[in-house]
Amino acid sequence: MSNTANGGGGARRAGAGGGAAARARLRRGTDRAAGGARERPSGRRRGESPAEALPPARPAPPAPSPTVSDALPPPGVRSRPGRPFPGGPLAHPEASGRSGAVGTARPGGSLFDVVKVAIAILDTAGRVVLWSPAAEELLGWPNELLVGRRIEELIPDDEQVARIRTAIQETLRHGHWAGLAGLRDREGAPVLVDARISLLVDGDGTPFLQVNLAEAEAVQEVERDLAVRDALFEQSPLGIAILDTELRYTAVNRTLAEMNGVTPEDHVGRTVGETLPERAADEITAIQRQVLATGEPVIDVTLASPVTARSGYRSISYSRMTDRSGRVLGISGTVMDVTERYRAVAKVEHARRRLSLLNEFGSRVGDLLDASRIAQELAGAVVPRLTDHAAVVLLQAVAHGDDLPRHGHDRRTSLLQLGTASVQDGPEVEVMLRRGARITFAEDSACGRVLRTGVPELLSGADQLSDVTYAGDPKMQAAHDLGVHSMLVVPLRARGIVIGLLLVSRAGYREGFDRDDLAFTVELADRAGSSLDNARLYARERTAALTLQRTLLPQQVPQPTGVEVAYRYVPGSSGTEVGGDWFDVIPLPGDRTALVVGDVMGHGLRAAATMGRLRTAVRVLAALDLPPDVLLRHVHELADDLAQGPDEALLATCVYAVFDPATATLTVAKAGHIPPVLVVPGEDADGPTRTGGPLPGGAGRILELPSGAPLGVGGVPFESVELKIPEGSLLALCTDGLVESRDKDLDVGLGRLVTVLQEPYASIQAACEAVLDTMEQGREPDDVALLLARLGHGQAGTPTAGWTLPAEPTAVSRARRLVRAALAEWGVEELTDTAELLVSELVTNAVRYASAPIGVRLTLGETLLVEISDPLPDPPRERHAAEADEGGRGLELVARLALHWGARAEGMGKVVWFEQALPGTPGAE
């Protein structure tokens, strides 16, 4: 009772307006209690929500005069806006648009704007002595209505009244009390508050009760945020650090402390540079300074872990911290151990790079059919991505396209180092990786074992590396000088046979090879081995085709009378099989010459074989002295027999020209071939020499000829064109490989050929070389056959005589007299008897069957050539006369007594000719 009375007196004094000193003491006590410690609420049962702890509002007791309870609105009515979520837009009074609110926070706000603490001073009887502006804002009751009244008037029901009274008694006994309490605001809406009551005593010994009130929901939200913070900070698997504006640790969790190998206590107050090794700290400090200065966060930056208790890789993220007023407080950071993730990603990336290397190597050698180039591409592909130095060593049989050895490899096996690559240059590299060097090895060395067994080896250390080839090998000494410390010796295999070795080595500070490197190198070597074997097989087939083709081409090209010949044959480039291009120079009777160039469609052995058969057919038909168009027609008729196979038709082009130096005529026909080029010397040119002299150049043109269809196609007749050729003209026959290009018309190539041949040259051979030098790089990789012929008018001083006789019986005797006189004049009377007899027989046949003038011509060269011409186109036919026959023996005599004889078409008629050997020459007998 005394306590209550004392409290009541104090309250009345305060409520009645007491002294200024008492009010000052109360304010000082209030200020001291405002920062009191909070305790966990004890007025709510476990599992009970704040709404369930709120007691129902009770009606205010009736009173004859207005009281505080009279101002309470009906229960359940709540007009005051709800509190904003901490940190939300309504947490700042200035943002909400409210003005004149009691206790408006300073610009920017603070935690007190989220959890507002209302202070009230009660006496021991529960009367309000002081009611702070924050309390007015919390419950809506102004100071002038509550001071001097009991706090119970704000309590909704009797149960809460009893609790408050108990709380007051607990405070008077123990000095403090804490718990939840249900109050009503001025509008009658229930308000659940977190209450803290403390006992105060003024200077006179009068006790008072300081009540701190905060809205329970806001307090719980802050407590929940703090709990979340504690859980994240202490229990997170991520390392978390808080640093101030001087980048000194203010807090770290235990996870980060374990990562750094430093206790949490040793972090606080220190910078990163004072807790981590210098190299790692410099990089992290730079990132921290950037974030602190710019405010731009850094997210998921992977760095190597410092050399601490837990090495590996870390992902760090930093962001700048500011308070609610925007003031920079420091930075926060998270650190995650991503060693496994990094290594998994690195392993995937490592595998991707190696797969890329395999694909790149495959694309680089996919179209190569040269073993040396493939070896060089292999060495270049692995340096520097896999190794520092690389050498590809192949069997000599692989390099030259020979058959693989059937016996095992030993020290006598011939090996060539055809592919080399290195990350550096120098004399040591030149010694170790000299391209084209012959490799020798001991049978018990690493190279010998791998060649013999096909099992790859990984070598490391000086002892193993000294035994790669043989003791004292200068190449191994050079490798030692280069710092080589790890080497792989891997077999290059094809169809189970070791065809070479791939040697890769690492030097310096580069990590040595491991088993994964060995497995990958074996895979790469197997792919390379297949390509190398394909190149070997191609080289062997190409060599065979070239050999066949060269044997089918002319082995010796004659230099006929009145014609100087030069030729070139260029096989297709590497990567293309040999083709069916060919040429021929065929001497004909009467000092005439046939010039032929042809091209069989297709490539390979079959095309070469077909070319040989076609050339043989043309040469046989040329011996019959057929006109060019007739010869091409006969070859076309043989197309089915000359085809490459029963299911493949012959398709070939050909140009056939016959030059007669006696008459200076050129007769040409072509079958779908590119036209010849003729260069006529200028009028101011000196008289051309017939052999070995310079070419004066001149005006060139493409001969316009009927195209004719390719051999084997048919449907277009072949036609011959006869041209008069000036002395010393140059005729060029070639195949399309010389003038065709991927991106230009055929006329461009022919025009280039004409331009080149119009220039003067020291010789016809020099002209051949000049033509080949002008071939475009972008041309089709086909065979090239080129035949140049300088056409003259026969040898100077060659005796020639000719007459035209009427088709009368007297022509026979006159022909004998003319032949006898000419031979006597030339000093070869030994030929007279035989010549007269044979001329008599041939002229007799012409007189018997022809009705037009008969021509007789004699030419004395290396042989005596006699030609009898008549207008009858039918060739003579030799037959064997019976003993009783009076005639029919003329051609039989010619065949027996002449060295050679034959007949050819000429104009509308024919020419029958024979040759006699001169005295003292082979065949004269």
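Residues numbered from 1 in each chain as written. Predicted model: local features only at pLDDT ≥ 70, side-chain atom pairs only at ≥ 80, totals over all residues. Heavy atoms only, no water.

K.L.:
Help me out: how do you make sense of helix H12 (residues 278-294) in this one?
P.N.:
Structurally, the α-helix is built with 3.6 residues per turn, so residues lying three or four positions apart point the same way. Taking 1.5 Å as the rise per residue, H12 with 17 residues should run 24 Å; its terminal C-alpha atoms sit 24 Å apart, in good agreement. Where H12 is buried, its residues meet strand E6 (239-243), strand E8 (298-304), strand E9 (313-322) and strand E10 (328-337). Looking one or two places after H12, you find Gly 295, whose phi comes out positive at around 80 degrees. (Helix = DSSP H or I, 4+ residues; strand = E, 2+ residues; numbered from the N terminus. Expected span 1.5 Å × (residues − 1). Contact = heavy atoms within 4.5 Å.)

K.L.:
Can you help me understand the side chain of Asp 629 in this one?
P.N.:
With respect to the secondary-structure elements, Asp 629 resides in helix H22 (residues 628-637). We note that Asp 629 is buried and unpaired, the nearest opposite charge coming from Arg 633 at a distance of 5.2 Å. The residues touching Asp 629, leaving out its near neighbours within four places in the chain, are Ala 669, Phe 718, Glu 719 and Ser 720. (Buried < 20%, exposed > 50% of the residue type's maximum accessible area, 1.4 Å probe, protein only. Lys, Arg positive; Asp, Glu negative; His and termini not counted. Salt bridge = Lys/Arg side-chain N within 4 Å of Asp/Glu carboxyl O.)

K.L.:
Which parts of the structure should I look at to understand empty space enclosed by the protein?
P.N.:
Over the atoms, a rolled probe matching the size of one water molecule traces out where space is still vacant. This structure, assessed with the given rule, holds eight cavities of 30 Å³ or more. Around the largest cavity, the lining is made up of 18 residues, and of these Ala 391, Gln 417, Met 432, Met 476 and Leu 503 lie nearest the centre. Looking at the lining of the largest cavity, the elements with two or more residues in it are strand E11 (389-395), strand E12 (415-422), helix H19 (474-481) and strand E16 (497-507). Here the lining of the largest cavity takes four residues from E11, the largest share from any one element. Each residue belonging to the lining of the largest cavity can be placed in one class, and the counts come to 13 nonpolar, four polar and one charged. What lines the second largest cavity is a set of 15 residues, among which Ile 151, Ile 164, Ile 197, Val 211 and Leu 213 lie closest to the centre. At the level of elements, strand E1 (118-122), helix H8 (158-174), strand E3 (176-184), strand E4 (190-201) and strand E5 (207-215) are the ones that each hand at least two residues to the lining of the second largest cavity. Classifying every residue of the lining of the second largest cavity by side-chain character gives 15 nonpolar, no polar and no charged. (1 Å grid on protein atoms, 1.4 Å probe; cavity = no way out; pocket = protein on both sides within 12 Å on 5 of 7 lines; lining within 4 Å. Points joined across faces, edges and corners; volume = space filled by probe spheres on them. Nonpolar A, V, L, I, M, F, W, Y, C, P; charged D, E, K, R; others polar.)

K.L.:
Help me out: how do you make sense of the packing of aromatic side chains in this one?
P.N.:
By the definition in use, this model includes two aromatic pairs. An angle of 25 degrees between the planes, with centres 3.8 Å apart, marks the rings of Tyr 313 and Tyr 342 as stacked. One end of the pair, Tyr 313, is in strand E9; the other, Tyr 342, is in helix H13 (residues 339-365), and 29 residues separate them in sequence. Classification of Tyr 313 by relative accessible area gives partly exposed; the value is 25%. (Phe/Tyr/Trp six-rings, centres within 6.5 Å; stacked < 30°, edge-to-face > 60°.)

K.L.:
Looking at this model, I keep getting lost on the nonpolar core. Mind explaining?
P.N.:
A general feature of soluble globular proteins is that nonpolar side chains tend to end up buried together. With 65 residues, the main nonpolar core has Leu 394 and Leu 492 as its most contacted residues. Considering every element that reaches this core, the biggest residue donor is helix H20 (residues 515-552), with eight residues. Excluding residues that lie within four positions of it along the chain, Leu 394 makes contacts with Ala 371, Ala 375, Ser 414, Leu 415, Leu 416, Leu 418, Leu 492, Ile 499, Gly 500 and Leu 532. The next biggest cluster of nonpolar side chains, apart from the first, holds 54 residues, and it includes Leu 626, Tyr 656, Ala 789 and Leu 791. (Core = buried A, V, L, I, M, F, W, Y, C linked by side-chain atoms within 4.5 Å.)

K.L.:
Would you take a moment to explain the pattern of salt bridges for this structure?
P.N.:
Tallied over the entire structure, the rule returns 36 salt bridges. Put simply, Arg 341 and Asp 300 hold a salt bridge, and the shortest N to O gap is 3.5 Å. Of the two residues, Arg 341 sits in helix H13 while Asp 300 sits in strand E8, which places them 41 residues apart along the sequence. Relative accessible area serves as the criterion here: at 40%, Arg 341 is assigned to the partly exposed category. Residue Asp 300 is classed as partly exposed on the basis of its relative accessible area, which comes to 38%. Residue Arg 592 pairs with Asp 625 through a salt bridge whose shortest N-O separation is 2.4 Å. Of the two residues, Arg 592 is situated in strand E19 (residues 592-603) and Asp 625 in the loop between helix H21 (605-623) and H22; the sequence distance between them amounts to 33 residues. Judged by relative accessible area, which is 6%, Arg 592 ranks as buried. Accessibility expressed as a relative area gives 5% for Asp 625, which makes it buried. In the salt-bridge network here, residues are joined through shared partners; they are Arg 592, Asp 625, Arg 857, Glu 867 and Arg 904.

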